[in-house]
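Listed below are the residues making up each chain.
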Amino acid sequence: MLKCRTVWRKLAPLAKSSSTLCRQNVRRAGLNNGRTPVCVPAAHMSSGPVGGGGDNLKYALLVGAVSVGGLVYAVVTMKSDQKRYEQRIEELSTRPQKTSTKPTAAQIQSEPPAVPEDQPAAAPSIEEPSSPAEVEAPKDETAPETTTPPVVDSTPVSLKLPAHAPYLLIGGGTASFAAARSIRARDPGAKVLIVTDEPDLPYMRPPLSKELWFSDDPAVTDTLRFKQWNGKERSIYFQPPSFYIRPEDLDGAENGGVAVLNNRKVVYMDVRGNKVKLDDDTEISYDKCLIATGGIPRNLQLIERAGEEVMKKTTLFRKIEDFKSLDKVSRNVKSVTIIGGGFLGSELACALGRRSTESGLEVIQMFPEKGNMGKVLPEYLSNWTTEKVKKEGVKVLTEALVKSVTCKDDQLEIKLKDGRVVTTDHIVAAVGLEPNVDLAKSAGLEVDSDFGGYRVNAELQARSNIWVAGDAACFYDIRLGRRRVEHHDHAVVSGRLAGENMTGASKPYWHQSMFWSDLGPDVGYEAIGIVDSSLPTVGVFAKATAKDTPKAATEMSGTGIRSESETEDTAVSPVASDTPSPAAENKDDFGKGVIFYLRDKVVVGIILWNVFNRMPIARKIIKDGEEHADLNEVAKLFNIHED
């Protein structure tokens, strides 16, 4: 096609001039014929027929000559071009491979980390297309190394990213991974792309504030492997790198797969066009999309306004990098202060408190409530927990409202509203989580004004072809009303359900998610439903035994992430214990027990205190939604009085 076009461009002027000349001569001949009188004088002689026939013959011969000449010229030109083309191909095929004196991302990386955006590789030359030999050579990845360096692919990595992903998951946390696994289970050939702004593959967050701090391995921040309370070792990552495929290989994956695009953030969603834009302006279209962006740690406004020096000495704990940073800080300073008395703050206080007995680190925890986890636990149990935290080596300051934070002499000075002053080297702000709803505006998605997060229907769907799961989802609970839950088990279950619905399951969300917290290997609890200390509560307790600890529970279940084992179970006709129950709320011993949270005389929440693997029973009680005349009898369903 290219050769014909070249020949035509060369012949076009000649053909055009020839055609124009013929038309002019014909017109002139016609005019002359019109002027010729009917009676021609006898003296007039002509070399051709009357009416200009001789001229027409000349013109016909001229046109014929031009046509033959053009044809000959075309044949000669095509043969010449063919010869030059064959010479060029032969030259390219015999050309030696180019060596690169400067290493590139393709030589350094064996996996898909992103290439710096400000240094794109040179685009391939249009005039010198790669020969088939050059294209096929890199495919032999198992060939032994030779002295000749491999061909370096000069195409920028951003150009290799798939332009389309049948299943696009925004966020690289627990909910996204659960959704990906669910999608692949129902659609084995599915192609799933996870986009995350973190540099890590999907991992579980609970060990960051629990087991990792109790590891004896000095290299735990590098290996991110830990021993569970049952002594078994595992990695914080859900799957090894070999489980995933590279994003650039997703399009050509015959059997599909899960690819993770790290260090990229979705900044814009075109819902009508079914596509998103990344922070490097790359656009990716999708068929089905999941938003699982999680949340962002809150900070105190007075700390944010205190200046850069204070912010440098403040940790907002959420990611792997935060764990590594705090671990390093705690080994190099003399004092750490944790602001916050909830789950995260209390877990970190106990973890760092144990380290203080070995290194002499001063650990301070302060919060506005009267006791640890005061917003969740009844006051008597909150006070008991506070004493437990103090025994771990933590200095606890209750009813502490921060007034100001300043940096003096390379230390932080925290002034409280009641006049107390605390001097420390570093602050950990554990004051809650803000759902990440940055995409709400561009996507036109509704954000709940009361609980935050994207409002979704019973199938976790926000709009057509868009689902939301995890911390960012505000869903409707058929028993407890609209809620938003920030716990691992909810991320697992909601992500799994969203993945099923993305493949056409159309299942409603009915599961009552649980959550758990461990204050070391000896004290832990599991909870479900609405657990709010402002609600009326009834507690039934018994004396704990050696098996009533988180350590013993994981030895029995075989996993430290307890929700992974219990969420698959359902309670079927639980049998109550015949052992008589003692009086509720024992004064001194809260070794193990059950706390019921009531609303309109109906149980809406349950905490199992050092009682494990009984969550299906608690879930069934809340699901039934019945009034109970004697909760001591209900507590027998959990067999807490058996030795």
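Residues numbered from 1 in each chain as written. Predicted model: local features only at pLDDT ≥ 70, side-chain atom pairs only at ≥ 80, totals over all residues. Heavy atoms only, no water.

Which entries qualify depends on this criterion: UniProt positions are given in the numbering used here, feature names are shortened, and annotations may be inferred rather than shown by experiment.
Identification of the chain as Apoptosis-inducing factor 1, mitochondrial from Oryzias latipes is taken from an unreviewed UniProt entry. UniProt, in the comment section headed Catalytic activity (unreviewed entry), describes the chain in these words: "A + NADH + H(+) = AH2 + NAD(+)".

### Brief notes about the sheet that holds strand β16 (residues 421-424)
For clarity, the cut-off: Between any two strands, pairing holds if DSSP finds at least two bridges. By definition, any uninterrupted DSSP run of H or I lasting at least four residues is a helix, any uninterrupted run of E lasting at least two residues is a strand, and each is numbered from the N terminus. Axis lines are fitted to C-alpha atoms, over the contacting stretch for helices. Their N-to-C directions set the angle, which ranges from 0 to 180 degrees.
The antiparallel open sheet is built from three strands, whose spatial order is β14-β15-β16. In this open sheet, the two strands that pair with only one neighbour each are β14 (402-408) and β16. In this sheet, neighbouring strand axes are inclined to one another by 20 degrees on average, regardless of whether the strands run parallel or antiparallel. Both strand β15 (residues 411-416) and β16 contribute to a ladder of four bridges, which runs antiparallel.

### Topic: the sheet that holds strand β25 (residues 524-529)
Spatially, β24-β25-β28-β27-β26 is the arrangement adopted by the five strands of the open sheet, whose pairing is antiparallel. What marks the edges here is a single partner per strand, and that holds for β24 (514-518) and β26 (537-542). Ignoring strand direction, the axes of neighbouring strands in this sheet form an average angle of 15 degrees. Pairing of β24 with β25 involves five bridges; the strand directions are antiparallel. Residue pairing across strands places Trp-516 opposite Glu-526, the latter belonging to β25.

### Details of the side chain of Asp-477
Our working definition: Each residue's exposure class comes from its accessible area (1.4 Å probe, protein chains only) as a fraction of the maximum for that residue type: buried when under 20%, exposed when over 50%, partly exposed otherwise. Pairing of N or O atoms within 3.5 Å defines a polar contact, subject to two protein rules: one partner must be a possible hydrogen donor and the other a possible acceptor, and residues neighboring in sequence count only if both atoms are side-chain atoms. The contact rule is simple, with two residues in contact once any of their heavy atoms fall within 4.5 Å.
Its place among the elements puts Asp-477 in strand β22 (residues 473-477). Residue class for Asp-477 comes out buried when judged on its relative accessible area of 4%. A polar atom in the side chain of Asp-477 sits 2.7 Å from the side chain of Gln-512. Here Asp-477 is in contact with Arg-482, Arg-483 and Gln-512, once residues within four sequence places are set aside.

### Looking at the environment of Ala-544
Within the fold, Ala-544 resides in the loop between β26 and α15 (550-557). Relative accessible area serves as the criterion here: at 30%, Ala-544 is assigned to the partly exposed category. For Ala-544 and His-641, which are 97 residues apart along the polypeptide, the C-alpha to C-alpha distance reads 9.1 Å. Not counting residues up to four positions away in its chain, the partners in contact with Ala-544 are Gly-591 and Lys-592.

### Concerning the packing of helix α6 (residues 174-186) against helix α14 (residues 488-502)
Think of two packed helices as two axes; the pair is described by the angle between the axes and how far apart they sit. The following threshold applies: In this scheme the crossing of two helices becomes right-handed for a clockwise turn of the near helix relative to the far one and left-handed for an anticlockwise turn of less than a right angle. Polar here means any residue outside two lists: the nonpolar Ala, Val, Leu, Ile, Met, Phe, Trp, Tyr, Cys and Pro, and the charged Asp, Glu, Lys and Arg; Gly therefore counts as polar.
Here α6 crosses α14 at 35 degrees, and the two axes come no closer than 7 Å. Once α6 is placed against α14, the crossing between them reads as right-handed. In this structure, α6 uses Thr-174, Ala-175, Ala-178, Ala-179, Ser-182, Ile-183 and Arg-186 to contact α14, whose residues at the interface are His-488, Ala-491, Val-492, Gly-495, Arg-496, Gly-499, Glu-500 and Met-502. Its residues assigned to classes, the contact of α6 with α14 shows seven nonpolar, five polar and three charged.

### Things to note about the UniProt feature "transmembrane region" (unreviewed entry) in the chain
In the numbering used here, UniProt assigns the feature "transmembrane region" (unreviewed entry) to residues 59-78. The span residues 59-78 is 100% helix and 0% strand, and its two end C-alpha atoms sit 29 Å from each other.

### Observations regarding unusual backbone geometry
Phi angles above zero are rare outside glycine, and Met-373 is one such case at about 50 degrees. By secondary structure assignment, the location of Met-373 is in the loop between β12 (362-366) and α12 (379-391). Here the phi dihedral of Asn-465 falls at roughly 70 degrees; this positive angle occurs in a residue that is not glycine. Relative to the elements of secondary structure, Asn-465 occurs in the loop between β20 (461-463) and β21 (466-468).

### Notes on the packing of aromatic side chains
Put simply, the rule is: Stacked, tilted and edge-to-face are the three classes assigned to paired rings of Phe, Tyr and Trp, where Trp is represented by its six-membered ring and a pair needs centres within 6.5 Å; plane angles under 30 degrees give stacked, over 60 edge-to-face, the rest tilted.
In total, this model carries 14 aromatic pairs according to the counting rule given. Consider the rings of Tyr-380 and Phe-590, whose centres lie 5.3 Å apart with planes at 40 degrees: the pair is tilted. Taken together, the positions of Tyr-380 in helix α12 and Phe-590 in the loop between α16 (563-566) and β27 (592-599) put the pair 210 residues apart, joining distant regions of the chain. The exposure class of Tyr-380 is partly exposed, given its relative accessible area of 22%. With 5.5 Å between their ring centres and 10 degrees between their planes, Tyr-525 and Trp-609 make a pair best called stacked. In this pair, Tyr-525 sits in strand β25 while Trp-609 sits in strand β28 (residues 602-609), placing the two residues 84 residues apart along the sequence. You'll find Tyr-525 and Trp-609 in the same group, each marked buried.

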